[in-house]
Structures are given as C-alpha cells and as structure tokens.
Amino acid sequence: MNNTDSLYPKHNDPLEKLLSSKTLKLLFRVILIFSLTLAATISAYQIGYTVNNVVTIWPATGVIYWAIYRYRLTGAITTFVAGSLHGIYWIDAPLINIFIPLFSSICAWYAIILERSRNHNNEIFMDVSHFFTFLIFGLGFYSLSLALVGNIFIHIEYNVPWNLYGQNLWNWFLADFTGGLMLSPLLLTLPLWRNRVKGDYKKTTLLFGVFLVFFFALYLLIDSGIMDEYGTFSPVFFTLPGILYLSMNSKTTDCFLLFFVFTLFSLLFLASGNSDQDNIGVRTLELYLTILLICGIALRVLRHSFNMLIQELTYKNNELEQQVNDRTAKLNAQLNEKSILVKKMKRLASIDALTNLFNRHHFNELASRDFKIAQRNKIPISLCILDIDFFKKVNDTYGHSAGDIVLKELAQLLQQETREGGDSVVRWGGEEFVILMLGQDLTTANNVCERIRNKIARHIFYIDEEKKKIINITISIGIVQCSLEEDALTQCLVVADQYLYQAKANGRNCIVNKDNAIGSVV
C-alpha cells in the first residue's frame, strides 16, 4: 500500500541531487537552521506583545523542535548558537544570553527522545494517537520543561516577584506551545512537498489566494474602526470556518502552510491594534489560537487516518477477493482434475483392457439405456452373441499372445462393421462377444451379422510381427430380437446363448435365429 503522506521517505533531502559534498550539505543546513531560528526569535519581539517580560507567541519553539528532530546534534548546536547570539546583540541580560538557549536545546533534545520512544515510526501526523503523543510528550514536555527552568532565570535576572512565578510559567508555556504549533507542523512536513504533482501546486496557489483575500477583508474591517467596540482581536474568531475547511478538504502540506499563515496574520492583527491591550485579552486570543490549531491539526490527522483506513480496508478487501478467486480457481482445477480422474477410472472400469471394447460390467448400463430408448420410441432392438470357433486350438497351437492378437483384431473388425452410437459391441468374456443393436429388427440384425461372419471368415490374421504366420478363424452367432417388456434383457441373453450353441452344433461358422432354429428355446 502506497503512503503518499509518509513524512520521511528515503532520500528526502532536496539537496542530495544538487550537492554531492557532505560539507556543503552540512553548511547549508547550519545556515538554514541558524537563519530560521534567528528570524523566528526576532519576529517574536517585533510582532508579538511582551507581557511581564514574556513574549506572547514564540515561533522559535517550532524551529528549534524541527531542527533537532530533523538534524539531531547539528540542529541542537546551531539553534543554541543562534539563540545565544540574539541574546548577546539584542538583549542586555547576560544570564539569559547563554543559559536559556542552552536549556532550550537540551529540553527539546530530551522531549524528542521521549516522543520518539512512543512514536517508533516517526509518523507524527499520520495517526491521531501519534499526533497527541507529539503534542503531549514532545512539544508539551519541551514547552513546560523550558518554562520551568527559564522562568527561574527570568525572575533572577529581572528581580520579578516570585509570587508571579505561576502566572509567568503559564504565560511562557502557552507562548512556546502556541509558537511550536504555529511552525513545527509546517517544517516537519516539508518532505511531503516532494510527493506533490503539478496540479497540487495550482490548488495550493488558489487556496492561498482565497485566504489572502479573506485576511485583507478582515484587515479592512479592523481598519474601518467598526470593530473598535469589540476589540481588534475579535475578527480573528472568523478564521474558525477556514481552519475547519482546510482540515477536511486539503492536503497535509496545504493545510499546515495555511495554518501558519492564519497564525501569522492573527499576530499581525494583534500587533496592529492598541499596544495597551490587557493581559487577559491577549492570552484569550493566544489560547484561542492554540485550541484552534490543535483542533485543526487533529481533524486533519483524523481525516488522514480515516483515508488510510479506507485505503487499507480496500486493499485488504481486494487482496481477500484475489485470495478467494485464487482459492476458487484452485478448487475448480482440483475438481476438474478429480472429475477427469473419475471419468478416467469409470472408463477404465467399463473398458476391456485387451480389446478396448466395453466390458461385461458396463453392458448392463448400455442395455438399460438402449431398452429405455426402444420402449419410449417403440422401435425394435436386437441382440447377438458370437463366439470364435476352435479358439482354444489357436491358444494351444500358437500361444496366448497369438490369441490376444486375434481377439484385438477381431474387436476392430466388429467396430468397423457396426454403427457408432447405434450398436454397442461388448466383450462378454474369453472369446465371446455381444452386439446390442438399437433400432434393428431381426432381419436387419441378421444381415449385419452375416456380413460380419463373411468378413471374418475371409480375413487373414497375422499372429507375428514379421507377418509371416497367418491363421484364419470363423465365428458362430446367435441372434434374437428382444421383447420391449420390462426385464426382457435376461431372457434375450438366454435365448441368444441357446441359438449360439445351436450354431456350434450345426457345424460352426453360421448364424442361428428363431427362423432357422431347431425346436423351441426357453
């Protein structure tokens, strides 16, 4: 099953095709991480409010988490250096300059270890449980642990009363957590852009344009003064429908990109208002953004999980159908093989191995079939029994192999002189044969038997491979036209056998039926 939203496919670094040198790759990564960390940190001071020396939203959290998550030690060192340089050049607080960036990287490192110990496949945004693991053990643990340590340095550096530690702890945690939600999803899903096609970029551009128009309309609304009565941050609440739409109808990359845009514009709206906004109002907006981002990302992840489940169920269903079809085909093949085998065994059981004629066992089935046809259609049916004259002498003189040659060749002659599908030729036993002739009355059957007798009497039988030894044989035949009454077959066989014995008594090589029989037969 193809997972087009896999976060970290093989060879997902876009520089691998552009740069072959590991040093250049490392240098580029360091510059990228350093620039993003510094830009996120500076923008937080320039755009965000500062309440009790705590910046309202701290996007650098998302950059630091992504850098260490993606590039491990390189990310940790680079973000620490960027944070330290920012503190040295922009903040006159020696204690904060080094220790807070250091603890920021350390806390992020351990948070990522904790999160990865529970998300073994590193697929944060592919499953709801994985996302909340990232939210609680990753970003949550990172923000809380850094807030706990950082607030101590803040209180020491700026002599903040310790009775405000709890409030500042919450403010710091919320700022870091919101900043992390703002940027880390977008940065962590950057590899997914490699899987996009041309049509996806067109849709992204269209969505981006629509929401820029939406935010411009909000800006005009704020600038007009209409919203002064309700506060400059209240229009941001109108972003809820857009967040819900993106969560349910866009690709992961589009969703997280526009989530970032939502948060960024919300900060711009906030900054464009009165700088004397009270702490409660600012924190209300911040908490609203945090909840909105969590719900939006959770809905997006839930939708993706649902799509993956449907895809997996479809795949499993197709696989199961294929297995059923394969199994059915295999069973049908086995049934066909068994059916062929049964037919073959049945044929072997009904065919005489030497002459390839039907045997005596199968004769009853043939006779039952032909008698039913004759009774139903009221047509005659005749039966004859023939026997090779002096066959024992052939075996005694030339051997049983010569006798077998005679029997096989005689069977071929009988088949040639009878109708295929109308007459049934059966080896009755030894040198005796039975012919059942459906649709033939006694006169016609007698003519057929006479033709057979004459042909065999004139036929030369070669009893050796070199065809040097030849013999001639004759046959005696008893014929009877059968009654169409029930159970007439047994009586027909008895009468035909008696006629055969009369033919033997009359000197052999002749035919006896009721017209030339001597006396009556029972």
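Residues numbered from 1 in each chain as written. Predicted model: local features only at pLDDT ≥ 70, side-chain atom pairs only at ≥ 80, totals over all residues. Heavy atoms only, no water.

Undergrad: What am I meant to see in the pairing of strand 8 (residues 475-481) here?
TA: A regular strand places its side chains on the two faces of the sheet in alternate fashion. The element strand 8 is largely enclosed, with a buried count of six among its seven residues. In this structure, strand 3 (residues 381-388) lies alongside strand 8, joined through seven bridges in antiparallel fashion. Bridging from a neighbouring strand, cysteine 384 pairs with isoleucine 479 of strand 8. As paired elements, strand 8 and strand 9 (residues 511-512) share two bridges and run parallel to each other. Along strand 9, the bridge assignment pairs glycine 478 with valine 512. (Buried < 20%, exposed > 50% of the residue type's maximum accessible area, 1.4 Å probe, protein only. Helix = DSSP H or I, 4+ residues; strand = E, 2+ residues; numbered from the N terminus. Pairing = 2+ DSSP bridges.)

Undergrad: Sorry if this is basic, but what is going on with helix 2 (residues 60-71) here?
TA: Since the α-helix turns once every 3.6 residues, residues separated by three or four places project in the same direction. End to end, helix 2 covers 16 Å across 12 residues, agreeing with the expected 16 Å (1.5 Å per residue, within 8%). Here helix 2 lies mainly inside the structure; 11 of its 12 residues are buried. Taken as a whole, helix 2 has its buried residues at Ala60, Thr61, Gly62, Val63, Ile64, Tyr65, Trp66, Ala67, Ile68, Tyr69 and Tyr71. Phi turns positive one or two residues past the end of helix 2, at arginine 72, with a value near 55°. (Expected span 1.5 Å × (residues − 1).)

Undergrad: Looking at this structure, I do not really get the sheet that holds strand 8. What am I missing?
TA: Overall, mixed pairing links the five strands, which are arranged 4-5-3-8-9 in an open sheet. Pairing within the sheet leaves two strands with one partner each, and these edge strands are strand 4 (423-429) and strand 9. Sheet topology places strand 3 next to strand 5 (residues 432-438); seven bridges connect them, and they run antiparallel. Looking at the pairing, aspartate 387 lines up with glutamate 432 of strand 5.

Undergrad: What should I look at first to understand the pattern of salt bridges in this one?
TA: A side chain with one charge can pair with a side chain of the opposite charge if their charged atoms come near. Under the counting rule described, the total for this entry stands at nine salt bridges. For aspartate 370, the salt bridge identified is with arginine 369, shortest N-O distance 3.0 Å. Classification of aspartate 370 as buried rests on a relative accessible area of 2%. The exposure class of arginine 369 is partly exposed, given its relative accessible area of 41%. We note a salt bridge from aspartate 423 to arginine 419, for which the minimum N-O separation is 2.7 Å. (Salt bridge = Lys/Arg side-chain N within 4 Å of Asp/Glu carboxyl O.)

Undergrad: For this particular structure, what's the right way to read the confidence of the model for the protein chain?
TA: Caution applies to low-pLDDT parts of the model: their predicted coordinates are not meant to be read in detail. Scored by pLDDT, the protein chain has a mean of 81; 79% of the residues are at 70 or more. The low-confidence segment residues 1-11, where pLDDT is below 50, has 36 contacts with residues more than four positions distant or belonging to other chains. (pLDDT = per-residue confidence, 0-100. Contact = heavy atoms within 4.5 Å.)

Undergrad: When you look at the nonpolar core in this model, what are you seeing that I'm missing?
TA: Across soluble globular proteins, you tend to see nonpolar side chains buried next to one another. Phe125 and Tyr142 are the most contacted members of the largest nonpolar core, which has 60 residues in total. Elements that contribute at least two residues to this core include exactly helix 1 (22-47), helix 2, helix 4 (94-116), helix 5 (128-158), helix 6 (165-188), helix 9 (252-272) and helix 10 (279-350). Broken down by element, the residue count for this core peaks at 11 residues, all from helix 6. Val406, Ala411, Ile471 and Ile473 belong to the second largest nonpolar core, which has 31 residues in total. (Core = buried A, V, L, I, M, F, W, Y, C linked by side-chain atoms within 4.5 Å.)

Undergrad: Help me understand the environment of leucine 169 in this model?
TA: Summarising the element assignment, leucine 169 is placed in helix 6. When the C-alpha atoms of leucine 169 and leucine 146 are compared, they prove to be 9.5 Å apart, with 23 residues separating the residues in sequence. With near-sequence residues (within four places) excluded, leucine 169 lies in contact with Ala147, Leu148 and Asn151.

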